[in-house]
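# Structural overview
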Amino acid sequence: MRVLLIEDDRQVAEYLRKALGEAGAVTDHAADGREGLLMAASGDYDALILDRMLPGLDGLAILRTLRASGNQTPVLILSALGEVDDRVDGLRAGGDDYLVKPFAFSELHARLEALLRRGAVDAPETRLRVADLEMDLLKREVTRAGRPIALQPREFRLLEYLLRHTGQVVTRTMLLEQVWDYHFDPQTNIIDVHISRLRGKIDREFDTPLLHTVRGAGYMLRAP
Amino acid sequence: MISPPITPTDAGRRRHDPWARTAKVLKSSSFRITLFYMLMLSASVAVLLGFIYWSTAGFMDRQTDATIGAEIQGLAEQYRQRGLPGLSTVIRERFAQDPTGAAVYLLADQTFTPLVGNLDRWPAGLPDANGWMHFRLRERGPDHAEEHAARGQVFRLHGDLLLLVGRDVRDLERTRHLILDALTWGLAMTAALALLGGWIVSHRVLRRLEAINQTSREIMEGDLSRRIPMRGSGDDFDQLAAGLNTMLARIESLMAGVRQVSDNIAHDLRTPLTRLRTKLELLRAELGEDHPAGAAAQETIADAEELLTTFNALLRIARIESGGRRAAFASVDLVPLLADLAELYEPVAAERGQQLDLQAPASAWVIGDRDLLFQALGNLVDNAVKYTPEGGRVALALRDTEHTVIIEVADNGPGIPASLHTEVFRRFYRADHSRSTPGSGLGLSLVQAVIQLHSATIELQPNGPGLRVLVRLERAAAPETLPERPLPAER
């Protein structure tokens, strides 16, 4: 995985580079907008991490230029501005995801993985599967080891999202945004309760758990 | 009644309803002042016209009376000197000489039988104490008889003879009527002109005031860059506008300063915080889960997390309160939003043995920021679930009235005493009984900021027992096409 990081704060860049390296990504770094645009346009990257406030050239301007030239590399925008309209601006300019500083590295990593996965899975699927857990998207049915599992519509969507990101960490914010479709900052651990309900349905009566909690980060659905 | 679609700018459009406009002019203080002025003016004009009437019509009356009085004196003198025959001669000479035929002379005995005069009988009518009387004269024309008014004085001569000297006052009456008519019309026209003038003046004053009101409304809705239009005539309204505009410029620069500071904080402080956090994460990863310091690192991360959450919430409230950010405003149906909210919190409530109900109609549209509304209502539901004891009940309800959408979040928990109903919206306010529960004390401050951004209201009521929170939003019409979601969502 090759990632281009366009970020003017050298220390943040340094740590991100190190952390991404440990997570198995090769990271190039550009410290200002102009340099970043040149690298992004010429280099062959799997994803871009783009800070909004940059010297030289504004992050959104870089993004618009790239998209206008037909470059479709997934872009994750980083910003210290966290308001909804800023987010809307960022996504309208062609960003694929938006993350507000300060963020946990685990959040950034999870979203980056999701972005890369999105590029790979384009063909419409009718069945999703991990281990013996199967989801039929057409019949809206879920079975584990051949036994049918009854899910509420939201639980179905939650499980579908987890199945589409099998083996990846998904964070609580990602679930709120993607499954509930709200940019929302809950005051309590409401997502955990939903997960534990889902876990009760898909894991409780079986020997091997599939839905795991990743400490300090989120959840992961994976085969044992 | 048809309820018009209401958008933030609709408040402006509704003012162009002509009836509302008229009612507004009639209610305006300038119109009332003009009305009072008009009454005063009409009263003055009435006094003035009364004087004119008195000095014209009254003068003619008095002159007639004086002539009659003088004649009676003359005739009485004749009677004293020359007796009845002399008087009769003089009377005959007098009315024979009268060219206009307007003079009336009649001498009668005490049974009112005419002796000499140009009347064939004593006229009906009672004289007053001074002998003055009004009576009708019948004039024999060639083919018709007509009656007209006359006025005269009766004088009792020595020897019980009655002398009536009078004048036909038909022309006088006609003149009097003419004068009276002219004066009445004059008064009516004065009143009408005053009313019209008052209307025009009030209308103009009101239009200037309306411009000021409109601007202040737009400013309250968050557009601080608005200024009150000026005519350039330097009149008192221009001076007022200039004063207010200077004030607004000052407020705007202060607000911009606040925003600048919060943006700077956002950028300058959040960046090192990001570093701090990333360092801690790397440290934890290097130490590994099993290392004793790893747990400490995890705790430190949690502390940093809490700090950042509070910090972010504060910045978010400040940004929302500074207004002007309505870019994400769109038509929002609150019913599915509430349903999502109920669905989201249902498991938490169920875990606490609480019942979470939702009562709502099919749809209820407002103009707003979907995510912020969800956040604000979510905070209310969160509080209700958090502070209601196990086994309690939280009821969400939505009522769609003609102009307002009312959202109700009611619980049967401990409630909030009425004396604290404004306190709880303060930043970092924590009720005593809630100090042990997790939370930053910023939840309701954020709710209030969102409510204000939407020009909505929030009200806390006792729910006997418990708390009922009422949020009222301006109702909007359902959009003709379904609104496009501002954010592309991955499925």
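This report concerns the structure included in the present document. Values in this document were obtained by computation on a predicted structure and should not be read as measured data.

On a plain count of helices and strands, chain A comes out with eight helices and 12 strands. When each of the 224 residues of chain A is scored for burial, the buried share is 57%. When contacts within chain A are restricted to residue pairs at least 6 apart in sequence, those whose partners lie at least 24 apart make up 56%. A total of about 9,300 Å² of accessible surface is found on chain A, and carbon and sulfur atoms cover 48% of it.

The step from Gly464(B) to Pro465(B) runs through a cis peptide bond, and the omega angle for that step is -5 degrees. If you trace the backbone, Pro465(B) turns up in the loop between strand S11 (457-462) and strand S12 (467-474). Phi at Ala131(A) takes a positive value of approximately 50 degrees, unusual for a residue other than glycine. Among the secondary structure elements, Ala131(A) is positioned in the loop between strand S6 (127-130) and strand S7 (133-136).

Here we take up the pattern of salt bridges. Residue and element names in this part refer to chain A. Applying the stated criterion across every chain, the model contains 37 salt bridges over all chains. A salt bridge links Asp203 to Arg144; the shortest N-O distance between them is 3.0 Å. Taken as a pair, Asp203 in the loop between helix H8 (190-202) and strand S11 (211-214) and Arg144 in strand S8 (residues 141-144) lie far apart in primary sequence, 59 residues in all. Taking relative accessible area as the criterion, Arg144 reaches 0% and is therefore assigned buried. One salt-bridge network, in which partners are shared between bridges, spans Asp97, Glu107, Arg111 and Glu177.

Contacts between the two partners involve 48 residues from chain A and, on the opposite side, 54 residues from chain B. Of the roughly 5,000 Å² buried between chain A and chain B, counting both surfaces, carbon and sulfur atoms make up 53%. There are four salt bridges connecting chain A and chain B. Note that Arg370(B) is salt-bridged to Asp181(A), the shortest N-O span being 3.9 Å.

A word on the packing of helix H6 (residues 153-164) of chain A against H8(A). All names here are of chain A. Close contact between H6 and H8 brings their axes to 11 Å; oriented N to C, the two are set at 85 degrees. Classified by the angle between their axes, H6 and H8 sit roughly perpendicular to one another. On H8, the residues that touch Glu155, Leu158, Leu159 and Leu162 of H6 are His194, Ile195, Arg197, Leu198, Lys201 and Ile202. Each residue belonging to the contact of H6 with H8 can be placed in one class, and the counts come to six nonpolar, one polar and three charged.

Attention now goes to the nonpolar core. Residues Leu133(A), Leu159(A), Leu175(A), Leu221(A), Leu334(B), Leu344(B) and Leu380(B) are the most contacted members of the largest nonpolar core, which totals 88 residues. Considering every element that reaches this core, the biggest residue donor is helix H7 (residues 334-351) of chain B, with 10 residues. Once residues within four sequence positions are removed from consideration, Leu334(B) is found in contact with Ala364(B), Val366(B), Leu373(B), Leu398(B), Val405(B), Ile407(B) and Leu473(B).

Residue and element names in this part refer to chain A. Within the open sheet, the four strands sit side by side as S6-S7-S8-S9. Their pairing is antiparallel. Two strands close off the open sheet at either side, each with one partner strand: S6 and strand S9 (147-149). Direction aside, the axes of adjacent strands within the sheet are offset by 25 degrees on average. For S7 and S8, the ladder comprises four bridges, and the chain directions are antiparallel.

Let us now look at the sheet that holds S11(B). Residue and element names in this part refer to chain B. Spatial strand order, S7-S9-S10-S12-S11: five strands in an open sheet with mixed pairing. Two strands bound the open sheet, and with one partner strand each, they are strand S7 (355-359) and S11. Each strand axis lies, on average, 15 degrees off the axis of its neighbour in the sheet, ignoring direction. Bridge count for strand S9 (residues 393-400) against strand S10 (residues 404-411) is seven bridges, and the pairing is antiparallel.

The rules behind these values
- Residues numbered from 1 in each chain as written.
- Chains lettered and ligands numbered in written order.
- Predicted model: local features only at pLDDT ≥ 70, side-chain atom pairs only at ≥ 80, totals over all residues.
- Heavy atoms only, no water.
- Helix = DSSP H or I, 4+ residues; strand = E, 2+ residues; numbered from the N terminus.
- Buried < 20%, exposed > 50% of the residue type's maximum accessible area, 1.4 Å probe, protein only.
- Contact = heavy atoms within 4.5 Å.
- Areas by Shrake-Rupley, 256 points an atom, 1.4 Å probe, with all protein chains shown as cover.
- Salt bridge = Lys/Arg side-chain N within 4 Å of Asp/Glu carboxyl O.
- Buried area = accessible area lost by both parts, 1.4 Å probe.
- Axes fitted to C-alpha atoms, helices over the stretch in contact; angles between N-to-C directions.
- Parallel < 35°, antiparallel > 145°, perpendicular 65-115°, else oblique.
- Nonpolar A, V, L, I, M, F, W, Y, C, P; charged D, E, K, R; others polar.
- Core = buried A, V, L, I, M, F, W, Y, C linked by side-chain atoms within 4.5 Å.
- Pairing = 2+ DSSP bridges.

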